[in-house]
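Coordinates in review
Here is how the chains run, residue by residue.
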Amino acid sequence: MLYFEDFIVGETVDTGSIAVSEGDIVAFASRFDAQDFHVDPEAAKTSFVGTLIASGWHSCSLLMRLMAESFLLNSAGMGAPGIEEVKWLRPVQPDDVLHGRRTVTEIKPSRSRTDMGLVRFRLELLNQRDEPVLEQANWIMFGRRGSDAAQAPGDWLAYPPRYIPPALPSPIEPPQAPTEAARFFEDIAIGQSFELGSCVFTAQEIVSFARAFDPQPFHMDEEAARASSFGQLAASGWHTASVWMTTMVTHRRRQLAAFGPGHAPRLGPSPGFRNLKWSRPVFAGDRITYRSTVTDKRASASRPQWGLFFHHNTGVNQDGNEVFSFDGCVFVERKPG
């Protein structure tokens, strides 16, 4: 059992590996990020990347699974308040074999709770050529030695790291207001804000995601969750983030439908994000409404036919409480000519 005191600044530890198939990529993206270059090998050939690749949120979720397998399930882990930064450095492609690496960069006891401390990690996801495909920096909370923090016993790794949806997936509910047409880079207005849609997190949805990517007891079992610091079944933070992506994709489809005939502006991938915060847990039965606001934009120096726009994103529950936020960016096509 690993407690807060067991982590040493500078220590680096590798994880086991996960092989990623085309079916794995499509299964995740079909629910959470159904863009052509994630779900359609033929359509992906004409995309920004030119081939089928995994969603960046899928890569983050696979890294979470590797960390759970390698040490979190054998620790006094108490969850993470958020992610400082993620960089998607290389695409994950079918038949890649991924492994993880964790390095402790800082430790500090909690000032408000004497029974816990925080450990800051640099986490990496690497492919079979040992090339980093993702880098992540974040804090994780751990109980101190002598505390009663511990993971409930159970066969939490019984399910493979592939998303299998529940029999009745929760629908994405569109906003009541009409959606404006998609815009090329030049026409995107800083300050413009969009409601993306809403989703109810059912117990079945929470458990399905956790089985594949975040198999910690408080995400998988109601009895274990009641005995945890959450007090009831709570969604993985990566689940909350992935559903944001689902609402963004459905919003984008409405934008393209409103654009009408002609060449509509394409979106490319995202290089990463910053300042992701899980400010409150998402429990079974919560209805989360997502919103995105354009905060900045700039032309791409390396790809002159593309620009980057930056956005601040939030998720708010049915009581009006913010549960999730982050700052992201994404490539968007410039006007032809």
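All of the points below concern the structure found in this document. Just so it is clear, the structure is predicted and the values come from calculations on it, not from any experiment.

Right, let's get into the packing of helix α4 (residues 56-70) against helix α8 (residues 237-259). The geometry of α4 relative to α8 is characterised by a closest axis approach of 10 Å and an angle of 170 degrees between their N-to-C directions. The orientation of α4 relative to α8 falls into the category roughly antiparallel. Residues Trp57, Cys60, Ser61 and Met64 of α4 touch α8, and the partners they reach there are Trp238, Ala241, Ser242, Trp244 and Met245. Of the residues assigned to the contact of α4 with α8, the class counts are seven nonpolar, two polar and no charged.

Pairing is possible between side chains that carry opposite charge, provided their charged atoms lie close to one another. Overall, the coordinates contain 22 salt bridges when judged by the stated rule. Between Glu131 and Arg90 there is a salt bridge, with the nearest N and O atoms lying 4.0 Å from each other. Residue Glu131 is located in the loop between β4 (116-126) and β5 (132-143), and its partner Arg90 is located in the loop between β2 (82-88) and β3 (97-109); the two are separated by 41 residues in the primary sequence. Take Arg90: its relative accessible area is 36%, and that puts it in the partly exposed class. Of the charged contacts, one joins Arg122 and Glu124 as a salt bridge, the two residues approaching to 3.2 Å between their closest N and O atoms.

Now for the side chain of Arg65. Mapped onto the secondary structure, Arg65 falls in helix α4. A polar atom in the side chain of Arg65 sits 3.0 Å from the backbone oxygen of Ala212. In contact with Arg65, other than residues within four places in its own chain, are Ile18, Leu157, Tyr159, Pro160, Pro161, Arg211, Ala212, Phe213 and Pro215.

Here we take up helix α5 (residues 203-213). When you tally the buried positions in α5, you get eight out of eleven residues, the bulk of the element. Every buried residue of α5 is accounted for by Glu205, Ile206, Val207, Ser208, Phe209, Ala210, Ala212 and Phe213. Contact partners of the buried residues in α5: α1 (22-32), α4, α6 (217-220) and α8.

Within the chain, Asp130 stands out as a residue other than glycine whose phi angle is a positive 65 degrees. Take Asp130: it is sitting in the loop between β4 and β5. Within the chain, Asn275 stands out as a residue other than glycine whose phi angle is a positive 55 degrees. Tracing the chain through its elements places Asn275 in strand β7 (residues 272-277).

Turning our eyes to something else, we now look at the sheet that holds β3. Ordered in space as β1-β3-β4-β5-β2-β7-β10-β9-β8-β6, the ten strands form an open sheet in which the pairing is antiparallel. Each having just a single partner strand, β1 (12-19) and β6 (193-200) make up the two edges of the open sheet. When the angles between neighbouring strand axes are averaged without regard to direction, this sheet yields 20 degrees. As defined by bridge partners, β2 adjoins β5 across four bridges and the pair is classed as antiparallel. In the strand pairing of β5, Lys87 is matched with Glu135. Contacts from α4 reach β1, β2, β3, β4, β5, β7 and β10 (322-333), with the element oriented near 70 degrees to β3.

For Thr250, the location among the structural elements is in helix α8. Classification of Thr250 as buried rests on a relative accessible area of 18%. At 2.9 Å, the side chain of Thr250 forms a polar contact with the backbone oxygen of Thr247.

Turning our attention to α8. Its 23 residues place the ends of α8 33 Å apart at the C-alpha level, agreeing with the 33 Å of an ideal helix rising 1.5 Å per residue. The buried count for α8 comes to 17 of 23 residues, which makes it a mostly enclosed element. Its side-chain oxygen placed 3.1 Å from the backbone nitrogen of Trp238, Ser236 serves as the N-cap of α8. Of the residues one or two after α8, Gly260 is the one with positive phi, at around 85 degrees.

Formed by 72 residues in total, the largest nonpolar core has its most connected members in Trp57, Trp238 and Phe273. Discounting residues that sit within four places of it in the chain, Phe273 has contacts with Trp57, Cys60, Ile83, Glu85, Val86, Trp88, Trp238, Phe326, Asp327 and Gly328. Formed by seven residues, the second largest nonpolar core is a distinct cluster that contains Tyr3, Ala76, Met78 and Met116.

Two elements in contact, α1 and α4, have axes whose closest approach is 10 Å; the angle formed by their N-to-C orientations is 110 degrees. Our classification of the angle between α1 and α4 gives roughly perpendicular. As for the relative orientation of α1 and α4, their crossing is right-handed in sense. For the pair α1 and α4, contact is made by Asp24, Ile25 and Phe28 and by Trp57, His58 and Ser61, respectively. Each residue belonging to the contact of α1 with α4 can be placed in one class, and the counts come to three nonpolar, two polar and one charged.

Before going further, it helps to examine the environment of Leu73. Of note, Leu73 is situated in the loop between α4 and β2. Judged by relative accessible area, Leu73 falls into the buried class, the value being 19%. Sequence spacing of Leu73 and Pro215 is 142 residues, and the spatial spacing of their C-alpha atoms is 8.1 Å. In this structure, Leu73 is in contact with Ala68, Gln151, Trp156, Leu157, Pro215, Gln216 and Pro217, ignoring residues within four places of it in sequence.

The rules we used
Note that residues are indexed from 1 along each chain, following the sequence as it is written. pLDDT decides what is reported in this predicted model: residues at 70 or higher carry local features, side-chain atom pairs at 80 or more are listed and counted, and totals for whole chains, interfaces and linings draw on all residues regardless. Neither water nor hydrogens contribute to the side-chain values; these are computed over all heavy atoms in the structure. In this analysis, axes come from line fits to C-alpha atoms, helices being fitted only over the stretch in contact, and the angle between any two N-to-C directions falls in the range 0 to 180 degrees. In this description a helix means any DSSP run of H or I spanning at least four residues, a strand means any run of E spanning at least two, and both kinds are numbered starting from the N terminus. Angular relationships are summarised with four words: roughly parallel below 35 degrees, roughly antiparallel beyond 145, roughly perpendicular across 65 to 115, and oblique for the angles in between. The contact criterion used throughout is that any non-hydrogen atoms of two residues lie within 4.5 Å. Residue classes follow a fixed rule: Ala, Val, Leu, Ile, Met, Phe, Trp, Tyr, Cys and Pro count as nonpolar, while Asp, Glu, Lys and Arg count as charged, and any other residue, Gly among them, counts as polar. By definition, a salt bridge exists where a carboxyl oxygen of Asp or Glu is found within 4 Å of a side-chain nitrogen of Lys or Arg. Under the scheme applied here, a residue whose accessible area is under 20% of the maximum for its type counts as buried, over 50% as exposed, and between as partly exposed, the area being computed with a 1.4 Å probe on protein chains only. Counting of polar contacts relies on pairs of N or O atoms within 3.5 Å, with two restrictions inside protein: one atom must be capable of donating a hydrogen and the other of accepting it, and residues adjacent in sequence are counted only when both atoms are side-chain atoms. Note on pairing: DSSP must find at least two bridges between two strands before they are called paired. Under the convention used throughout, the expected extent of a helix is 1.5 Å for every residue step, that is, one less than its residue count. Residues grouped as a nonpolar core are buried Ala, Val, Leu, Ile, Met, Phe, Trp, Tyr and Cys residues, joined through side-chain atoms within 4.5 Å. Helix crossings fall into two classes, left-handed where the near helix is turned counterclockwise from the far one by less than a right angle and right-handed where it is turned clockwise.

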